[in-house]
Amino acid sequence: MEILRLFLLTGVVVVNAQQATLTEDSRCGCYLLKGNETAYFQKHRFFDFRNHDHHASVPPAIKDAKDTADAPVTSPFFNTTEWTDFWMISNWNNSHGIREDSTLLMVNSPNNVYLEANHDPNTSPKSWLSLRTQRLPDFQTTAEIESLSAKFKFVSIRMLARTIGARGAITAMFTYRHSEELAKVQESDLEIRTSDPKNLIHCTNQPSLTEDGDIESRASKNATMPNGLEWSDWAVHRLDWTPKSTTWYVNDIQVANIEFQTPKDVSNIILNAWSDGGEWTGNMTVGDSAYLQLQWFEILYNTTEPEKRQEKGGCNSVCSIDGSPQVGQPVMLWSNGVGRALDMFRGWVLVTMVTVLFLLA
């Protein structure tokens, strides 16, 4: 009864996510995460690549290393604010020796990030975002997109994605904080090796090696895709970076949780498809390619960036994207202010039940 009294006196209306009503981000003060660790997030973004067939075009690989690094974007979409206020496309290369075991020049190119029309009769979207890596005679051409901000502090990132293509590549989704010292790197990542069995994915709080090159077994877990899925199937891959641990899910089924080396400091978000001919990636055959393809990408996040506008209502209105009937759109779990809540949950009988129970208490 004391809980019911508190709810009524504070004007809080609570609902189950499956019963809640769809709402807009502008009405949400914060977002409650349903997962291994309860957490609240300030912000929500959703990037939908399923209806951009009018922007779709698959460019041929550029065979000159300098030309591919300097290539323009492949579609006007990548010049829109929908893209440019969150993402940038990388064009760096590994000529300065990022990985000691690299055997190939690796060059990131805007030419390898493109919207692709769906010609697959077994899937429904009109298009998806593709990140391509291809082995050329003289180098490996690769793809990477990175958040503009490097000030994310705890996130839940999700993508409806698949990895397809030849052996010898890595596709990945991860948080990253750079350091010149290996021990100070902070990174939570999901990696798929195209040389692995198709049900195996790698979940790691980096670094996974010590300064002496020894494997740190506590940092990484080899996870199995659930329910017979393979990484070449479309599935929702999710990574929750929270204060105590990092947790990985596939289609909302937890596949790994690691507390060891959970990142503590602000980071950015990166997605990529790459190979450098090293021991980890393997060496791709000349002419072969591999792809990370995304129908959509979604993120809940906290950030240390200064606010661009004054938030209304603080965290008085709590939303969720977990259990929402519409991907990319939140539901309202509860809101301070009976009038506002009643407007959103018009006809919902719980308000009446709470009032009756309070009066009878």
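Description of the structure in this document. These figures come from a predicted structure and were not determined experimentally.

### Things to note about the overall build of the protein chain
- Each helix and strand counted, the protein chain has five helices and 22 strands in total.
- Looking at the protein chain as a whole, 51% of its 361 residues are labelled buried.
- At a minimum sequence separation of 6, the contacts of the protein chain that also span at least 24 residues come to 72%.

### Examining the pairing of strand β13 (residues 186–193)
- Of all eight residues in β13, eight are buried, a share of seventy percent or more.
- With burial as the criterion, each face of β13 is covered, one bearing Q186, S188, L190 and I192 and the other bearing E187, D189, E191 and R193.
- Pairing between strand β12 (residues 170–177) and β13: eight bridges, direction antiparallel. Its bridge partner lying in β13, A172 is registered against E191.
- Both β13 and strand β14 (residues 200–206) contribute to a ladder of five bridges, which runs antiparallel. Residue pairing for β14: L190 is matched across the bridge by C203.
- Between the antiparallel neighbours β13 and β14 lie six residues.

### Quick look at the pattern of salt bridges
- Tallying each qualifying case throughout the model produces eleven salt bridges.
- Two residues, D85 and R45, come together in a salt bridge whose shortest N-O distance is 3.3 Å. Linking D85 in the loop between α3 (81–84) and β6 (87–89) with R45 in strand β5 (residues 43–48), this pair joins segments that are 40 residues apart in sequence.
- Classification of D85 by relative accessible area gives partly exposed; the value is 41%.
- Look at R45 and you get partly exposed, because its relative accessible area is 22%.
- Look at the salt bridges and you will find they share partners, linking R158, R238, D240, D252 and D322 into a network.

### A short note on a nonpolar patch on the surface
- Together, L182, L209 and I215 make up a nonpolar patch on the protein surface, roughly 290 Å² of accessible area in all.
- On the secondary structure map, L182 appears in the loop between β12 and β13.
- Its relative accessible area of 34% is what places L182 among the partly exposed residues.

### Re the side chain of S232
- Within the secondary structure, S232 sits in the loop between β15 (220–224) and β16 (235–241).
- According to the relative accessible area criterion, S232 is buried, its value standing at 17%.
- In this structure, S232 is in contact with R162, T163, I164 and K198, ignoring residues within four places of it in sequence.

### Describing the packing of aromatic side chains
- Applying the stated criterion across every chain, the model contains 18 aromatic pairs.
- An aromatic cluster is present here, built from F47, F49, F77, F78, W83, F86, W87, F152, F297 and Y301 joined pairwise through their rings.
- In this arrangement the basic side chain of R162 is found over the ring face of W128, its NZ or CZ atom lying 4.9 Å from the centre.
- Geometry around W280 places R193 over its ring, the cationic atom sitting 4.6 Å from the centre.

### Quick look at the pairing of β12
- Within β12, six of the eight residues are buried, which leaves it mostly tucked inside the rest of the structure.
- One ladder, built from seven bridges, connects β12 with strand β19 (residues 268–274); its direction is antiparallel. Residue Y176 lies in a different strand from β19, and its bridge partner there is N268.

### Looking at unusual backbone geometry
- Of note, the bond from Q206 into P207 is cis; its omega dihedral lies within 30 degrees of zero at 5°.
- Relative to the assigned elements, P207 resides in the loop between β14 and β15.
- Phi is positive for D252, which is not a glycine, with a value near 70°.
- Relative to the elements of secondary structure, D252 occurs in the loop between β17 (246–250) and β18 (253–258).

### Describing the environment of I321
- Residue placement: I321 occurs in the loop between β21 (317–320) and β22 (331–336).
- Taking C-alpha positions, I321 is 6.4 Å from V331, a pair spaced ten residues apart along the chain.
- Not counting chain neighbours up to four residues away, the residues in contact with I321 comprise H44, R158, E298, L300 and P330.

### A look at the state of the cysteines
- If you walk through the whole model with that rule in mind, you get two disulfides.
- The disulfide bridge from C28 ends at C319, spanning 2.1 Å between sulfur atoms. Looking down the S-S bond of the C28 and C319 bridge, the torsion is -90°, so its handedness is left-handed. In this pair, C28 sits in the loop between β2 (21–22) and β3 (30–33) while C319 sits in strand β21, placing the two residues 291 residues apart along the sequence.
- Between the sulfur atoms of C30 and its disulfide partner C315 the distance amounts to 1.7 Å. Taken together, the residues span a long stretch of sequence, with C30 in strand β3 and C315 in the loop between β20 (289–303) and β21 at a distance of 285 residues.
- Given the relative accessible area of 4%, C30 is considered buried.

Cut-offs used in this document
- Residues numbered from 1 in each chain as written.
- Predicted model: local features only at pLDDT ≥ 70, side-chain atom pairs only at ≥ 80, totals over all residues.
- Heavy atoms only, no water.
- Helix = DSSP H or I, 4+ residues; strand = E, 2+ residues; numbered from the N terminus.
- Buried < 20%, exposed > 50% of the residue type's maximum accessible area, 1.4 Å probe, protein only.
- Contact = heavy atoms within 4.5 Å.
- Pairing = 2+ DSSP bridges.
- Salt bridge = Lys/Arg side-chain N within 4 Å of Asp/Glu carboxyl O.
- Patch = residues over 30% accessible without salt bridge, like charges linked within 9 Å, V, L, I, M, F, W, Y side chains within 5 Å.
- Areas by Shrake-Rupley, 256 points an atom, 1.4 Å probe, with all protein chains shown as cover.
- Phe/Tyr/Trp six-rings, centres within 6.5 Å; stacked < 30°, edge-to-face > 60°.
- Lys NZ or Arg CZ within 6 Å of the ring centre and 35° of its normal.
- Disulfide = S-S within 2.5 Å.

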